[in-house]
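The residues making up each chain are set out below.
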Amino acid sequence: MALRSAIHSQSNPKLPPEEPTPQPENPSSSSKIPIPPRKIRKLSSKNNNSQQPEPEPEPEPEPQLQVPNSEDSSITKPSDPTPSEAPNTLLPIISVNPLTLDGEIDLALNHLRSSDPLLTSLIDSYRRPSFESDPSPPFLSLTKSILYQQLAPNAAKAIYKRFVSLCGSESEVVPDNVLALDAAELRKLGISGRKATYLHDLANKYKDGVLSDSSILEMDDESLVTKLTLVKGIGVWSVHMFMIFSLHKPDVLPVGDLGVRKGVQRLYGLKELPLPLQMEEICEKWKPYRSVGSWYMWRLMEAKGVVDSA
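Residues numbered from 1 in each chain as written. Predicted model: local features only at pLDDT ≥ 70, side-chain atom pairs only at ≥ 80, totals over all residues. Heavy atoms only, no water.

(A) Molecular detail of the layout of surface pockets. By volume, the second largest pocket amounts to about 240 Å³. If you trace the second largest pocket, you find it lined by Asp221, Glu222, Val225, His240, Met243, Asp251, Val252, Leu253, Val255, Glu280, Lys287 and Arg290. In terms of residues, the lining of the second largest pocket owes the most to one element, helix H14 (residues 221–228), which gives three residues. Tallied by class, the residues present in the lining of the second largest pocket amount to five nonpolar, one polar and six charged. (1 Å grid on protein atoms, 1.4 Å probe; cavity = no way out; pocket = protein on both sides within 12 Å on 5 of 7 lines; lining within 4 Å. Points joined across faces, edges and corners; volume = space filled by probe spheres on them. Helix = DSSP H or I, 4+ residues; strand = E, 2+ residues; numbered from the N terminus. Nonpolar A, V, L, I, M, F, W, Y, C, P; charged D, E, K, R; others polar.)

Below is the structure:
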């Protein structure tokens, strides 16, 4: 027992050097300093004392929890390029500028060159597209469209002139005056009874408020097809032609037009004429200038003698 007590007495002096580790408790002058180490030791009870500085960065994520709005500015700087790029890709898609607007044809040609290399040779080979500004009101343009249906250009022009003369002038081709002309009078001009019905139905749609010049000018493409095809004698093809050549809409694909279908078939080397759904898929890359792409399909087949230059 005396030996054990002696051993303990010798080991005890070795323990005091360990007491400096809890020194924060002894120095009263540094009463403010020991408090943080105590907290650190509590955290380090699970970890090593050498890792005590690591918990300090933990408050750093806290300011990153979207608390400081000032840092949002630094966050938006790298993200700015993505929103700025998005408008660049979306602007042409939402573009509703008519093709008669200055510079719009240049934008269309640049887009078609970059999106469809097969069109580049056509763009270089044929004349520049031209869409003349048409000051005619929609009612007059639609009336003319009906009169020109399934007629040779010269015959259609002659009938149209007689029709305008009977109304008085182009400015007097209005719904009330058209309704005042009966089928017999129209037949004398060379207008068939069926077309007389079409003209009267168009005029009635205007009179009943289903259509108006102002509403037609404000409609989007889908609404134009829906509303105008309510008129007897006006189908989707007629609406597409009206949209391209009267309203100068930039993104119209006349999927039912034989010339455009044959042009796409020839350009892409297809064995058969593409169906409307195939046309939509193939010409998707032309958006938002499918009207101009279609124009080149007409030029291509015109050169091959498939479609009439008119």
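Further notes follow.
(B) The packing of aromatic side chains, seen in detail. This model, assessed by the stated rule, comprises five aromatic pairs. An aromatic cluster is built from Phe131, Phe245 and Trp298, whose rings are joined through pairwise contacts. Over the ring of Tyr160 we find Lys144; its NZ or CZ atom is 5.1 Å from the centre of that ring. Over the aromatic face of Trp295 sits the side chain of Arg299, whose NZ or CZ is 4.6 Å from the ring centroid. (Phe/Tyr/Trp six-rings, centres within 6.5 Å; stacked < 30°, edge-to-face > 60°. Lys NZ or Arg CZ within 6 Å of the ring centre and 35° of its normal.)

(C) Here's a closer look at the pattern of salt bridges. Counted by the stated rule, this structure contains eight salt bridges. Salt-bridge contacts for Arg113 lead to Asp124; the nearest nitrogen and oxygen are separated by 2.8 Å. Here the residue Arg113 occupies a position in helix H6 (residues 104–115), and Asp124 occupies one in helix H7 (residues 117–125), the gap between them amounting to 11 residues. According to the relative accessible area criterion, Asp124 is exposed, its value standing at 52%. Connected through salt bridges with shared partners, the residues Asp251, Glu280 and Arg290 form a single ionic network. (Salt bridge = Lys/Arg side-chain N within 4 Å of Asp/Glu carboxyl O. Buried < 20%, exposed > 50% of the residue type's maximum accessible area, 1.4 Å probe, protein only.)

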